[in-house]
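Examining the three-dimensional arrangement
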Amino acid sequence: DTGVSQNPRHKITKRGQNVTFRCDPISEHNRLYWYRQTLGQGPEFLTYFQNEAQLEKSRLLSDRFSAERPKGSFSTLEIQRTEQGDSAMYLCASSTARTDSGANVLTFGAGSRLTVL
Amino acid sequence: AQSVSQHNHHVILSEAASLELGCNYSYGGTVNLFWYVQYPGQHLQLLLKYFSGDPLVKGIKGFEAEFIKSKFSFNLRKPSVQWSDTAEYFCAVNAGYGNKLVFGAGTILRVKS
C-alpha cells in the first residue's frame, strides 16, 4: 500500500470551467475526508465519508462543490463553474473507524493544487 | 464550534536551540489532540497525538507535547532543533469519535544551520 493517492497533482483552469479531483485512500480505511488549504492557513474541513455515506459537509462546501464515494473506495470532488477564489490545495485524507487510539488518525495525500485563471 | 489557535506564525531558530510552539484550543469536552508536520515539498505527516493517559506524549524525531487541560493547551517542544526540522507545524483537535479534525493556521519553523 502506497498511502493516499490524489490526482491530478496540479490543475490549471479558466474561470467557469468544471474540475474533478480523485482520491484513492488507504485500502483498509473506511473513512475519507476532503480538506482545502490556502496559503497561510491550516487545512479547512470540507466533507467526510464513512464507506459510501457522506456524513458531514462544511458550510464551505457551496452548491458548486460535490463529492462522491460511490463504492466506498475512491472518492471524487467536483467543482462546477470554478471561481478564482477556488484556487487552493485540495487535500484528501483517510482513516479507520476503530474506537481505540488508532481512531481518527488521518493519513493525508499529497494534495491537488488548483489554479483558476 | 471548535477552534485552534497557534501563537506564532513564523519562528526562526539556530540549530541546537530549544523549541516550543504554542497551541490552544476551544472545546470543553473530551478531546483528541494532534501535531502534524509538513516538510518542504512533502505532504502532511503525523508528528504525535494525545488521546488519553499521560499528558506528556512523545512523537517522532525527538518531539514531545504536553496536554494541559486547565489551560486548553497542547504545546509542542523539542530540546534541540536541527536544520532538518525546518517545516510547517500544525496543531489539530478532534472533539468526538468520527468527527473531523480542526486545524490551526500553522507555524512555519526555519532552522538556521
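In what follows, the structure referred to is the one given above.
Cut-off values and rules
Residues numbered from 1 in each chain as written. Chains lettered and ligands numbered in written order. Predicted model: local features only at pLDDT ≥ 70, side-chain atom pairs only at ≥ 80, totals over all residues. Heavy atoms only, no water. Phe/Tyr/Trp six-rings, centres within 6.5 Å; stacked < 30°, edge-to-face > 60°. Helix = DSSP H or I, 4+ residues; strand = E, 2+ residues; numbered from the N terminus. Buried < 20%, exposed > 50% of the residue type's maximum accessible area, 1.4 Å probe, protein only. Salt bridge = Lys/Arg side-chain N within 4 Å of Asp/Glu carboxyl O. Core = buried A, V, L, I, M, F, W, Y, C linked by side-chain atoms within 4.5 Å. Contact = heavy atoms within 4.5 Å.

Residue and element names in this part refer to chain B. The full count for this structure, using the stated rule, is 17 aromatic pairs over all chains. Measuring from centroid to centroid gives 6.4 Å for phenylalanine 90 and phenylalanine 103, while their planes differ by 85°, and the two rings are edge-to-face. You can see phenylalanine 90 sitting in strand 10 (residues 87-94) and its partner phenylalanine 103 sitting in strand 11 (residues 102-103), a full 13 residues away along the chain. Here phenylalanine 90 falls in the buried class, since its relative accessible area comes to 0%. Residue classification places phenylalanine 103 among the buried positions, given a relative accessible area of 9%.

Moving on to the pattern of salt bridges. Residue and element names in this part refer to chain B. Counted under the stated rule, the structure contains eight salt bridges over all chains. Across the pair lysine 58 and glutamate 64 runs a salt bridge whose closest N-O atoms are separated by 2.9 Å. With its nearest N and O atoms 3.4 Å apart, the salt bridge here joins arginine 77 to glutamate 64. On the criterion of sequence distance, the pair formed by arginine 77 in strand 9 (residues 73-78) and glutamate 64 in strand 8 (residues 64-68) is long-range, its members being 13 residues apart. Residue class for glutamate 64 comes out buried when judged on its relative accessible area of 17%. The structure contains a network of salt bridges with shared partners spanning Lys58, Glu64, Glu66 and Arg77.

This part covers the nonpolar core. Core analysis: the biggest nonpolar cluster contains 29 residues, and Leu33, Trp35, Leu48, Phe74, Leu76 and Tyr89 of chain B have the highest contact counts within it. For this core, the element with the most residues is strand 10 of chain B, which contributes four residues. Not counting the four nearest positions on each side in its chain, leucine 76 of chain B is found in contact with Leu19, Glu20, Leu21, Trp35, Leu47, Leu48, Phe63, Glu64, Ala65 and Tyr89 of chain B. With 19 residues, the next largest nonpolar core counts Leu46, Leu61, Leu77 and Leu114 of chain A among its residues.

These results come straight from atomic positions and should not be treated as a statement about function.
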